[in-house]
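# Descriptive analysis of the structure
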Amino acid sequence: MASGELRELIVEADGGSRGNPGPAGYGAVVLDAATGEPLAETAEYIGVATNNVAEYKGLIAGLRAVKELAPDARVRVRMDSKLVVEQMSGRWKIKHPDMKPLAAEAARILPAGQVRYEWIPREQNKHADRLANEAMDAGKHGRQWQPSASTAALDTAAARNAAAVPAPPSGPPGDATAGAAKARAALAGATTAPVGGAAVGTAASGVTGVAPWAGAADAQAAAERAAATGAAPGWGPDMGAPATFVLLRHGETALTPEKRFSGSGGADPELSGAGWRQAEAVAAALAARGTIQEIISSPLTRCRQTAETVAARLGLDVQIDDGLRETDFGAWEGLTFAEVRERYPDDLDAWLASPKAAPTGGGESFATVARRVAATRDRLTARHAGRTILLVTHVTPVKTLIRLALGAPPESLFRMELSAASLSAVAYYADGNASVRLLNDTSHLR
């Protein structure tokens, strides 16, 4: 390290709750940024709390460990919690009363200019996750986590060595956050230890959100407000304006009101009369907003018809992208849920239970669709940075983009309502973070 150059450390932190709220614990590890060597580990069982509280306490413990080791170091915090990363970076307001004191406490540990925050997929946060689970396991047996009993460092090293090629990120940043419960009134003392050694002991106010349809100028204005109020991130690069995807589900077909499986493997239905009216209504709404710069559509007829209706109103061309097509539902195409239940009960049960299970007859699993949609997202995000793009697509691709942006589990696909001709929106930033700005808006149809 050159003379006068600040040392750089990485904090990886995580927290979990078995019940949310339920028995909770956190874990954090401090790494040397140059070598990847673990320098300190910390973990604690904290009793009944929510995931978010546990994640914040993991962050606090990790930053405290850094302060003990090298208080002048530059710090890169890596977490798979979208909530914590966005709030501590100043991009999200902190509204929940339980989160505000925890975020403020984390911000006071080190000067804001020394710390920057980065989202990572859960697969890259296994060391901290293992520590958090060790802490929860200890709490289950009425004990606290002890450094001497931890195998997290060894397990993580072994897993990394066993992986010949690092797994690519499975999706954009995110963290599925359930409803919060009351956090513990006071932060309990952390149990921390240098790896192999003895025990050692960012301004949290967020930026006012940009409107769902904001373009580059609006995003830049928001960034300037953040800088003026001191809420901008620390020593990271300027992320600039995001790529904003406005997600439009196609209008109704004859199959839509009957709730029949209609994917890419069966008939290719056209818009019904109601569907054409919906397409005209959404076209008028998008024209009034005036923010759409390009239109990209699934190749299936119902999407192309919807997209062309909007394009005619906006004076734009329609580009086709096969990555936006609907799931192939195999032998279930054209059937209702009840009909599938009657004909293929075992296959339906397997499909409902696992994202890796495919519909009968060679259809696509949700896991397969997620990989396709994520690859399409990454390609389009890189191509359209700073622009607002309309993607005209189907139920599964829209829900998958929302799920990945939130870091929600696959079963969340069954917990979202997505109406015909509805609008949703997600903004993607250059550092990999995403922000869901709208979901299932149908106000233009009323």
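Residues numbered from 1 in each chain as written. Predicted model: local features only at pLDDT ≥ 70, side-chain atom pairs only at ≥ 80, totals over all residues. Heavy atoms only, no water.

Below, the discussion takes up the overall build of the protein chain. Secondary structure summary: the protein chain contains twelve helices and twelve strands in total. A total of about 19000 Å² of accessible surface is found on the protein chain, and carbon and sulfur atoms cover 53% of it. (Helix = DSSP H or I, 4+ residues; strand = E, 2+ residues; numbered from the N terminus. Areas by Shrake-Rupley, 256 points an atom, 1.4 Å probe, with all protein chains shown as cover.)

The next subject is the packing of aromatic side chains. If you walk through the whole model with that rule in mind, you get eight aromatic pairs. Each ring, one from Phe-366 and one from Phe-414, has its centre 5.8 Å from the other, and the planes form 70°; the classification is edge-to-face. A residue pair is termed long-range when its members are at least 10 positions apart, and Phe-366 in helix α11 (residues 366–383) and Phe-414 in the loop between α12 (395–406) and β11 (423–428) qualify at 48 residues. Grouping aromatic residues by their ring pairs yields a cluster made of Phe-261, Phe-329, Trp-332, Trp-351, Phe-366 and Phe-414. (Phe/Tyr/Trp six-rings, centres within 6.5 Å; stacked < 30°, edge-to-face > 60°.)

So, on to the UniProt feature "binding site: substrate" (unreviewed entry) in the protein chain. The feature "binding site: substrate" (unreviewed entry), as given by UniProt, occupies Arg-302 in the numbering adopted here. Within the secondary structure, Arg-302 is located in helix α8 (residues 301–314). Under the relative-accessibility criterion, Arg-302 is labelled buried at 1%. Beyond its immediate chain neighbours, meaning those up to four positions away, Arg-302 contacts His-250, Thr-253, Ser-262, Gly-263, Asp-268, Pro-269, Leu-271, Glu-326 and His-394. Engagement of the side chain of Arg-302 in a polar contact is seen with the side chain of His-250, the distance being 3.3 Å. (UniProt positions renumbered as here; feature names shortened; annotations may be inferred. Buried < 20%, exposed > 50% of the residue type's maximum accessible area, 1.4 Å probe, protein only. Contact = heavy atoms within 4.5 Å. Polar contact = N/O pair within 3.5 Å; in protein donor to acceptor, adjacent residues only side chain to side chain.)

Attention shifts here to unusual backbone geometry. With an omega of 5°, the peptide bond running from Asn-20 to Pro-21 counts as cis. Here Pro-21 lies in the loop between β1 (8–17) and β2 (22–32). One non-glycine residue, Lys-259, lies in the positive phi region at around 55°. Within the secondary structure layout, Lys-259 lies in the loop between β7 (243–249) and α7 (273–289). Residue Lys-259 is classed as exposed on the basis of its relative accessible area, which comes to 67%.

For the rest of this paragraph, the subject is the pattern of salt bridges. Tallying each qualifying case throughout the model produces 21 salt bridges. Two residues, Glu-8 and Arg-74, come together in a salt bridge whose shortest N-O distance is 3.9 Å. Placement of Glu-8 in strand β1 and of Arg-74 in strand β4 (residues 74–79) is noted, with a sequence separation of 66 residues between them. A salt bridge links Glu-8 to Arg-76, with the nearest nitrogen and oxygen atoms 3.2 Å apart. Note that Glu-8 is positioned in strand β1 and Arg-76 in strand β4, a separation of 68 residues in sequence. One salt-bridge network, in which partners are shared between bridges, spans Glu-8, Glu-12, Arg-74, Arg-76, Arg-78 and Glu-118. (Salt bridge = Lys/Arg side-chain N within 4 Å of Asp/Glu carboxyl O.)

Core analysis: the largest hydrophobic core is formed by 40 residues, its most contacted members being Tyr-56, Leu-59, Leu-63, Val-75, Val-77, Met-88 and Tyr-117. Taken together, the elements giving at least two residues each to this core come down to β1, β2, β3 (38–49), α1 (51–69), β4, α2 (82–89), α3 (99–109) and β5 (115–119). Take this core: its biggest share by element is nine residues, from α1. In terms of nonpolar packing, the next biggest core, distinct from the first, is built from 19 residues, Leu-247, Ile-296, Val-369 and Ile-402 among them. (Core = buried A, V, L, I, M, F, W, Y, C linked by side-chain atoms within 4.5 Å.)

Here α2 lies mainly inside the structure; eight of its eight residues are buried. Residues Lys-82, Leu-83, Val-84, Val-85, Glu-86, Gln-87, Met-88 and Ser-89 constitute the buried set of α2. In this fold, the buried residues of α2 make contact with α1, β4, α3, β5, α12 and β12 (434–441). Positive backbone phi, approximately 90°, marks Gly-90, located one or two places after α2.

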